[in-house]
Amino acid sequence: SSSQPAALKSSKSSKPQQPPPPVPFVPKKKKASQQQASANQSNAAAAAKQPAVPTTPATPAPHILFFGHVDAGKSTLVGRLMHATQAVTDADAARTLRDAKSAGKASFSWAWLVDETPQERARGVTEAVAMRATPATSALAGAVLLDAPGHRDFQPNVFSAMALCDAGIFVVDA
């Protein structure tokens, strides 16, 4: 026992020490004028940050999935909704119409607002799920529109999109 260090010998013989009790935090009180000024600043800051359509972190913008059979008009419908809610500008819509006309596919111009890859435009078929947000000030209040492929070769992409959405719209060609 004489080979033990002195620190260990002394700790055995003495009582274990208790840590000191925590000191409670007590904030300093502000003067009435400081409290009023602080409240005015927070109210002004909150009013400046207030969105046009109130949203809270507990209620994020809904994700709406458009799905259905190939060539049912899902991309066209999403493109039209994007334009109607001003998620795309008139200039963007005019540019895609011009591009679609030059490719001989003028009827695809609304769909080309969503289907932007060269492969999708060449085949005329949506391959990947396109996600587009609408402005918070629009009638859709910042909803995220998901355009799902309709072709059976891309069904795994549709199932992935279903896991992300809050609502779905089944598009049927009439």
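## A few points about the nonpolar core
Then step 1. Of all hydrophobic cores here, the largest spans 12 residues; its members are Ile64, Phe66, Ala72, Val78, Met82, Val88, Leu113, Val114, Ala130, Ala143, Leu145 and Val171.
Then step 2. When contributions to this core are tallied by element, the ones reaching two or more residues are strand 1 (63-68) and helix 3 (74-84).
Then step 3. Listed in part, the six residues of the second largest apolar core include Leu65, Val144, Leu146 and Val158.

## Considering the side chain of Thr96
Then step 1. Along the polypeptide, Thr96 turns up in helix 4 (residues 90-102).
Then step 2. Filtering out sequence-adjacent residues up to four positions away, Thr96 remains in contact with Ser109, Trp112, Leu113 and Arg121.

## Regarding the packing of aromatic side chains
The description of two aromatic rings rests on the distance between their centres and on the angle between their planes.
Then step 1. According to the stated counting rule, one finds one aromatic pair in the structure shown.
Then step 2. Here the aromatic rings of Phe67 and Phe170 are separated by 5.4 Å at their centres, their planes lie at 40°, and the arrangement is tilted. Note that Phe67 is positioned in strand 1 and Phe170 in strand 4 (residues 167-171), a separation of 103 residues in sequence.
Then step 3. Overall, Phe67 belongs to the partly exposed group, its relative accessible area being 23%.

## Some thoughts on the sheet that holds strand 3 (residues 144-147)
Then step 1. Taking strand neighbours across the sheet as the criterion, the four strands line up as 2-3-1-4 in an open arrangement whose pairing is mixed. In this open sheet, the two edge strands, each paired with only one partner strand, are strand 2 (130-133) and strand 4. Across the sheet, the axes of successive neighbouring strands diverge by a mean angle of 20°, strand direction being ignored.
Then step 2. Pairing analysis gives four bridges linking strand 2 to strand 3, with the strands arranged antiparallel. Bridged to Ala133 within strand 3 is Val144.
Then step 3. Against the sheet, helix 6 (residues 155-164) makes contact with strand 1, strand 2 and strand 3, and its axis sits at roughly 150° relative to strand 1, the strand it touches most.

## Things to note about the environment of Pro62
Then step 1. Note that Pro62 resides in the loop between helix 2 (32-49) and strand 1.
Then step 2. Through-space distance from the C-alpha of Pro62 to that of Val144 is 6.2 Å; in sequence the pair is 82 residues apart.
Then step 3. If we skip the residues at most four places from it in the chain, Pro62 touches Ala143, Val144 and Asp166.

## Some points on the confidence of the model for the chain
Then step 1. Residue-level pLDDT values for the chain average 79, and 66% of them are 70 or greater.
Then step 2. Low pLDDT (under 50) marks residues 7-11, which in the prediction has three contacts with non-local residues, meaning those over four places away or in another chain.

## What to know about unusual backbone geometry
Then step 1. Phi is positive for Asp71, close to 65°, though the residue is something other than glycine.
Then step 2. With respect to the helices and strands, the residue Asp71 is situated in the loop between strand 1 and helix 3.

Rules behind the numbers
Residues numbered from 1 in each chain as written. Predicted model: local features only at pLDDT ≥ 70, side-chain atom pairs only at ≥ 80, totals over all residues. Heavy atoms only, no water. Core = buried A, V, L, I, M, F, W, Y, C linked by side-chain atoms within 4.5 Å. Buried < 20%, exposed > 50% of the residue type's maximum accessible area, 1.4 Å probe, protein only. Helix = DSSP H or I, 4+ residues; strand = E, 2+ residues; numbered from the N terminus. Contact = heavy atoms within 4.5 Å. Phe/Tyr/Trp six-rings, centres within 6.5 Å; stacked < 30°, edge-to-face > 60°. Pairing = 2+ DSSP bridges. Axes fitted to C-alpha atoms, helices over the stretch in contact; angles between N-to-C directions. pLDDT = per-residue confidence, 0-100.

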